[in-house]
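Examining the three-dimensional arrangement
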Amino acid sequence: MFRLLRQSSQKVNLGRISRNTIILLLLAVSKDAITIPFLSFIARSLGPDGFGLYSVAMSYVAIFMAILDIGAGKILTREISKSKKDVGSLTVINSFFALKIPILLLTVGGTIILLRLISYSMEQQVNILLTVFIAFAMSLAIAARAVFHAFQEMEYDIVGILGERFVTILFAVIAVTLGLDVLGVLLAFLLGNIADACLSWYLVHRKFIGLEPSFSKTDTILYFRVGFPVLVTALFSTLYLRVGPILLERFVGETAAGLFQAGFHLFVLGLYIPQMMGLAIFPVFSRLAYENRIMLESVWRRSAFLMFLAGVILALSIAVISNWFIPFLYGEDFSAAIGVVQLLVWSLPFSFASVIMAQLLVALDQQAVVAKIAAVASVINIGLSLWLIPVWEMNGAAFAVALTEVFICLQYVIILFWYRNSYEKLD
């Protein structure tokens, strides 16, 4: 056993994983240290109603980003982790870029049709259409970061992410000061994410891979087929996490959507921890999936267990501070969001473990399994939300999310332990 652990440490390079995890966590903490006061400013400036409209728009950003990413964040990391500076790295990058423009056009067209069918005001329609382009810029930046992660050089994330925060906040404050309200804030987000994409791809070109224009129809179709399950997974995962404000705005009103999102944001901040850990360890999972699956099992089990414990500690911490932190952050008008937070946080341990297990399945080229789990979870969540929101309003939306997170974790545990004796059965 000790020999296996020593070999695991040498092969996996735990020092590099720890380094990258710390870098990403510090980056997340730095980003949150900037974002939390910014959200406080936006919430206090817009009020619960305006913050509700803003929350609905940002929910659409997340949904559109899942579509426009085309699975690039995961697939680029996995493929470049195997090929490194081989020409295959260029092939997969160019193939994903070739897919983005037609998918953007389809998304814009579909959104226009959808907005005509839904009774949104003209202001809301303009805001939601703008979110498509925000999501497109975000997807470009995420694809660039996939290259950084494949080379396990997470420190390069800092330039783009903090650059985006600086530009977004600067122009958002100007927009709110000028009275542009939600539209002005969304325009600021667009400018910030364009800056992020430009800075990140500049670093990719200078530091890692000299990109050259090339196109292969065969490769593009192949990578779309590989990335499509990841796209489906991201879309359904985003739907069940982001549908709450949209349904609350439709059934209860803008104020309820804003109050729910104020509490939900603390839950999302908690999810940064497993996401950063997952990003750091995913390239290692990808390599071990092809080299040593016995060692892979040892690494993923320990990682998932530690993440579950971290989730328990964080849930207790947030539950304790939420009573005073929510009014302090957003103002007394948002005190009703406390109940939302205290319902959501108890699903954090399950969410933490789920992230690690999902990364493992994608590394094993089983993104289709993850997509199926996400699809079922999304249907369950939307069904629960439609049932609970009319009865319990904000708390109903929170309870639906919490139950869905527990369901997802249990599904991953069942699948992975079913095949615990041999990963070959997953192939």
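Every residue gets a number counted from 1 within its own chain, in the order that chain's sequence is written. pLDDT decides what is reported in this predicted model: residues at 70 or higher carry local features, side-chain atom pairs at 80 or more are listed and counted, and totals for whole chains, interfaces and linings draw on all residues regardless. Each side-chain value is worked out from all heavy atoms of the structure, with water and hydrogens disregarded.

1. Describing the overall build of the chain
Note the threshold: In this text, helices come from DSSP runs of H or I with a minimum length of four residues, and strands from runs of E with a minimum of two, each type numbered from the N-terminal end. Partly exposed residues are those whose accessible area sits between 20% and 50% of the maximum for their type, while under 20% is buried and over 50% is exposed, using a 1.4 Å probe and protein chains only. In this analysis, two residues are considered to be in contact whenever any of their non-hydrogen atoms come within 4.5 Å of each other.
The helix and strand inventory of the chain stands at 14 helices and zero strands. When the helices and strands of the chain are placed in sequence order, the string is α-α-α-α-α-α-α-α-α-α-α-α-α-α. Counting over 427 residues, the chain shows a buried share of 58%. In the chain, the share of contacts with a sequence separation of at least 24, taken over all contacts with a separation of at least 6, comes to 84%.

2. With respect to the pattern of salt bridges
In a structure, side chains of opposite charge can pair up when their charged atoms sit close to one another. Let me state the cut-off plainly: Only one rule defines a salt bridge in this text: a Lys or Arg side-chain nitrogen within 4 Å of an Asp or Glu carboxyl oxygen.
Evaluation of the coordinates by the stated rule reveals four salt bridges. Note that R165 and E164 form a salt bridge whose closest N and O atoms lie 2.9 Å from each other. For the pair shown, R165 and E164 are each scored as buried. A salt bridge links R301 to E297; the nearest nitrogen and oxygen atoms lie 2.5 Å apart. Taken as a pair, R301 and E297 lie in helix α10 (residues 293-330) at a separation of four residues, close to a single helical turn.

3. Re the packing of α10 against helix α12 (residues 348-363)
The description of two packed helices rests on the angle between their axes and on the distance between the axes. Quick note on the threshold: Axis definition: a line fit to C-alpha positions, over the contact stretch in the case of helices; interaxial angles, taken between N-to-C directions, run 0 to 180 degrees. By definition in this entry, angles of less than 35 degrees are roughly parallel, angles greater than 145 are roughly antiparallel, angles of 65 to 115 are roughly perpendicular, and the rest are oblique. Take the far helix as the reference: if the near one is turned anticlockwise from it by less than a right angle, the crossing is left-handed, and if turned clockwise, right-handed.
Put simply, α10 and α12 touch, their axes get as near as 6 Å, and they point 155 degrees apart. In terms of their interaxial angle, α10 and α12 are classed as roughly antiparallel. Like other packed secondary-structure pairs, α10 and α12 cross with a definite hand, here right-handed. The segment α10 lies against α12, with L296, W300, S303, A304, M307, F308, A310, G311, V312, L314, A315 and I318 engaging L348, P349, F350, F352, A353, I356, M357 and L360.

4. Digging into the nonpolar core
Selection criterion: Throughout, nonpolar core names a set of buried Ala, Val, Leu, Ile, Met, Phe, Trp, Tyr and Cys residues whose side chains join them through atoms within 4.5 Å.
Formed by 143 residues in total, the largest nonpolar core has its most connected members in F51, Y54, F285, Y330 and L348. For this core, the element with the most residues is helix α2 (residues 14-69), which contributes 22 residues. Beyond its immediate sequence surroundings of up to four residues, F285 is in contact with L296, V299, W300, I356, Q359, L360 and A363.

5. Quick notes on a nonpolar patch on the surface
Inclusion rule: Each patch is assembled from residues with relative accessible area greater than 30% and no salt bridge, linking like charges that lie within 9 Å and nonpolar side chains (Val, Leu, Ile, Met, Phe, Trp, Tyr) that lie within 5 Å. Using a 1.4 Å probe, accessible areas were evaluated by the Shrake-Rupley method; residue-level cover was limited to the displayed protein chains.
Taken together, the side chains of F166, L170, F171, I174, L178, L180 and L191 make up a nonpolar region of the molecular surface, amounting to roughly 690 Å² of accessible area. Among the elements that make up the nonpolar patch, the one with the highest residue count is helix α6 (residues 157-177) (four residues). Relative to the helices and strands, F171 is located in helix α6. Of the residues examined, F171 reaches a relative accessible area of 37% and is grouped as partly exposed.

6. Observations concerning helix α5 (residues 122-150)
What counts is decided by this rule: How far a helix is expected to stretch is found by multiplying one less than its residue total by 1.5 Å.
A rise of 1.5 Å per residue sets the reference length of α5, with its 29 residues, at 42 Å; its end C-alpha atoms lie 43 Å apart and thus fit the reference within 8%. Positive phi shows up at Q152, right after α5, with a value of about 55 degrees.

7. What to know about unusual backbone geometry
Phi at D365 takes a positive value of approximately 65 degrees, unusual for a residue other than glycine. By secondary structure assignment, the location of D365 is in the loop between α12 and α13 (367-392). Although it is not a glycine, E393 adopts a positive phi angle of roughly 55 degrees. Assignment of secondary structure puts E393 in the loop between α13 and α14 (394-418). Among the residues examined, E393 registers a relative accessible area of 39% and is labelled partly exposed.

8. Some remarks on the packing of helix α9 (residues 254-291) against α12
The cut-off we apply is this: Put simply, Ala, Val, Leu, Ile, Met, Phe, Trp, Tyr, Cys and Pro go in the nonpolar bin, Asp, Glu, Lys and Arg in the charged bin, and everything else, Gly too, in the polar bin.
Here α9 crosses α12 at 25 degrees, and the two axes come no closer than 8 Å. Taken together, the axes of α9 and α12 are roughly parallel relative to one another. Helix-helix and strand crossings are classified by hand; for α9 and α12 the assignment is right-handed. The residue inventory of the contact of α9 with α12, partitioned by class, reads 17 nonpolar, six polar and no charged.

9. With respect to the environment of S378
In this fold, S378 is placed in helix α13. Counting along the chain gives 23 residues from S378 to V401, while the straight-line C-alpha distance between them is 9.6 Å. Residues within four places of S378 in sequence aside, it is in contact with F236, L239 and Y240.

10. Quick notes on the packing of aromatic side chains
Rules: Ring pairs are drawn from Phe, Tyr and Trp, using the six-membered ring of Trp, whenever the two centres fall within 6.5 Å, and their geometry is named by plane angle: stacked under 30 degrees, edge-to-face over 60, tilted for the rest. Geometrically, a lysine NZ or arginine CZ counts as sitting over a ring once it is within 6 Å of the ring centre and also within 35 degrees of the ring normal.
Considering all chains together, one arrives at 17 aromatic pairs under this definition. Put simply, the rings of F38, F51, Y54, F189, Y330 and F334 pair up and form one aromatic cluster. Here R250 stacks its cationic end above the ring of Y120, 4.8 Å away from the centre of that ring.

11. Details of the environment of Y223
With respect to the helices and strands, the residue Y223 is situated in helix α8 (residues 217-251). Along the sequence, Y223 and I75 sit 148 residues apart, while their C-alpha atoms lie 8.4 Å from each other.

12. Examining the confidence of the model for the chain
Regions with low pLDDT carry predicted coordinates that are not meant to be interpreted in detail. To keep things clear, this is the line we draw: Each residue carries a pLDDT score, the predictor's confidence in it, ranging from 0 to 100.
Here the chain shows a mean pLDDT of 83. Residues at 70 or above account for 88%. Predicted confidence is poor over residues 1-11, with pLDDT under 50, and the contacts of this stretch with residues over four places away or in other chains come to eleven contacts. Every residue in residues 422-427 is under pLDDT 50, and counting partners more than four places away or in other chains gives 14 contacts.

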